[in-house]
Amino acid sequence: MSKKVKVRFAPSPTGDLHVGNIRTALFDWAYARHTGGTFLFRIEDTDTTRVTDEYINAAIDTLKWLGLDWDEGPEVGGENGPYLQSKRLEIYAHWAAKFIEQKDAYFCYCSPEELEAVREAQRAANVAPGYNGHCRELSSDQVSAFKSEGRAGVVRMRMPEGGTTFTDLIRGEMAFDHKFVPDFVLARADGSPLYTLAVAVDDILMKVTHVLRGEDLLSSTPRQIRVYQAMGVAIEDYPVFAHLPFVMGADNAKLSKRNGEVSIAWYREKGFLPEAICNYLALLGWSPGDDRENVTMKELCELFTVEKVNSSPARFDMKKLEAINGDKIRALTIDEFLKWTLPFLIKAKVITGTAEEIDLVKRALPIIQERIVMFSEVPAMLKFLFVKDFVIEADSLAKVTDSAAKDVLKRSLKELEPLVDWTHETIEAALRSSLIEDMGLKPRIAFGAVRIATTGSTISPPLFESMELLGKEASLSRISAALAL
Ligand code: GLU
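A brief look at the structure comes next. (Residues numbered from 1 in each chain as written. Predicted model: local features only at pLDDT ≥ 70, side-chain atom pairs only at ≥ 80, totals over all residues. Heavy atoms only, no water.)

Scanning the model with the defined rule gives 19 aromatic pairs in all. Geometrically, the ring pair formed by F344 and F375 is tilted, given 5.9 Å between the ring centres and 45 degrees between the ring planes. Taken as a pair, F344 in helix α12 (residues 334-347) and F375 in the loop between α13 (355-368) and α14 (378-386) lie far apart in primary sequence, 31 residues in all. For F344, a relative accessible area of 18% gives the class buried. You can call F375 buried: its relative accessible area is 0%. The ring of F184 has R223 sitting right over it, with the charged end atom 5.9 Å from the ring centre. When the ring centre of F390 is taken as reference, the NZ or CZ atom of R478 above it lies at 3.9 Å. (Phe/Tyr/Trp six-rings, centres within 6.5 Å; stacked < 30°, edge-to-face > 60°. Helix = DSSP H or I, 4+ residues; strand = E, 2+ residues; numbered from the N terminus. Buried < 20%, exposed > 50% of the residue type's maximum accessible area, 1.4 Å probe, protein only. Lys NZ or Arg CZ within 6 Å of the ring centre and 35° of its normal.)

Here you go:
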């Protein structure tokens, strides 16, 4: 009987989680859900100088926001905890000591300067860089001499001759010659563990069966496998590896701050829906097997298999993400749309959140739902309905003050004043018959001036609907005010 799948997402949050992290988390989660397995979330915070509580909390919050729920990990607990590596230091110290005792590892007393000199010589001789094994076989006298110089040893893993092979579920057979995998540090002189020790120990102790993670970690795999060996783990109990392709920017370089927006917090602030982000990221390197672009979380869980992950790099395409987000926004009910939009309007200080304001927002949302790709566009679009001190944008001013515009505004005022029934239909009929039919103006010229006078900008939601929402009194007083400019 095959083992129940357990997949883990194990970020080291040294900042906000980025697109690559989340794509990994999403695939981990989807694979766990697809197989009916367990999704484990572990925080790799052994580098306490770079991983802060703030970033850890933000990572937890981001996963929750995206709907990537975990079965074991921070907040939910589980039988293999704690799930913060900083709370597991004794476990790593135990294994480092055991490896020394078994002679799988040794204390290395080389100073940073000496190591740099070795690297320098290797560069000059054009040989592969890496530790030269200097401290592998120290005598007890040599050790005492180093100690008396005040040197403290780091724990270094002994890499045996030969190589490591494993089958990567995405890349197939992988082989690493140990000539290129030098002895590596497991723990610092103060006893604190390094990534390779902590990650390998935890994957084994937490009974992880599948490691799906970014391609950048591929080269660390033989070192992790070496730790499993030293722990005495049977080969059939090693986790299976699958290294996901890089996410590239539009310029084909690895996606970074330089060539794209990488932080998920940025997308959240801009008003992307979590479902849209997940939908888009799911398609970065994976395909459901047909060319559909709309994938729900449920479908992702049903369809996700590692075999369908592509091994070549995926290219991040902001336009496609925006299109998916726009589609998902259009599919929202007005109540859902309202729920997502209100925080943006309140943050932008367009509204304070009174019942009256919310009612007006709700009536205005249908006219903008087709027009936006992200929620952060909403405040600018609806601001005209709420501003107390209405002013016309400076760069639109000239278009309402010339004599042609004045004629339009004068006539509009005259036609609109007698309207008893103030609806977008009556407003449109009145303005069309007077400005277009009688005055023979082009709609762009005629309605452009009215739009600027009533909304303050050349860009607004549909004009007649906007005027209906604004109300007769405010619309007319704004047109009169524009006429007086
Ligand atoms: N903590 C590592 C990182 O964020 C990833 C660990 C792993 O997936 O093996 O880079």
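The next point concerns the nonpolar core. Nonpolar side chains in soluble globular proteins tend to end up buried together. Among the nonpolar cores identified, the biggest contains 82 residues, and F304 and F316 are the most heavily contacted of them. Counting residues in each nonpolar core, the second largest holds 34 residues, with Y92, M157, A187 and V227 among its members. (Core = buried A, V, L, I, M, F, W, Y, C linked by side-chain atoms within 4.5 Å.)

Looking at the ligand, the residues that line it are R8, A10, P11, S12, E44, Y195, V199, R213 and L217. Between a nitrogen atom of the ligand and a main-chain N or O atom of A10, the distance comes to 2.7 Å. Between Y195 and the ligand, the recorded distance is 2.8 Å, taken from a side-chain N or O atom to an oxygen atom. In isolation the ligand offers 300 Å² of accessible surface; the protein chains occlude 82% of this area. Considering only residue class, the shell around the ligand consists of 5 nonpolar, 1 polar and 3 charged. (Near = heavy atom within 4 Å. Polar contact = N/O pair within 3.5 Å; in protein donor to acceptor, adjacent residues only side chain to side chain. Areas by Shrake-Rupley, 256 points an atom, 1.4 Å probe, with all protein chains shown as cover. Nonpolar A, V, L, I, M, F, W, Y, C, P; charged D, E, K, R; others polar.)

Bringing the side chain of S396 into the picture now. Following the sequence through the fold, S396 ends up in the loop between α14 and α15 (398-401). Taking relative accessible area as the criterion, S396 reaches 2% and is therefore assigned buried. Dropping the residues within four chain positions of it, S396 is found in contact with I452, G456, S457 and T458. (Contact = heavy atoms within 4.5 Å.)

Once that is clear, we can look at the sheet that holds strand β4 (residues 154-157). Across the sheet, which stays open at both edges, the 3 strands sit in the order β3-β4-β7 with antiparallel pairing between neighbours. Edge positions in the open sheet fall to β3 (105-108) and β7 (184-187), since each of these has one partner strand only. This sheet shows a mean twist of 45 degrees between the axes of neighbouring strands, independent of strand direction. Along the sheet, helix α3 (residues 89-101) contacts β3, β4 and β7; its crossing angle with β3, the most-contacted strand, is approximately 100 degrees. (Pairing = 2+ DSSP bridges. Axes fitted to C-alpha atoms, helices over the stretch in contact; angles between N-to-C directions.)

Here strand β1 (residues 6-9) shows a buried face lined by K6 and R8 and a second buried face lined by V7 and F9. Relative to strand β2 (residues 38-41), β1 is paired through 4 bridges, and the arrangement is parallel. Looking across to β2, one finds that F9 is bridged to F41. Remark: the β1/helix α1 (residues 19-35)/β2 crossover connection has right-handed handedness. (Right-handed = clockwise from strand over helix to strand, strands pointing away.)

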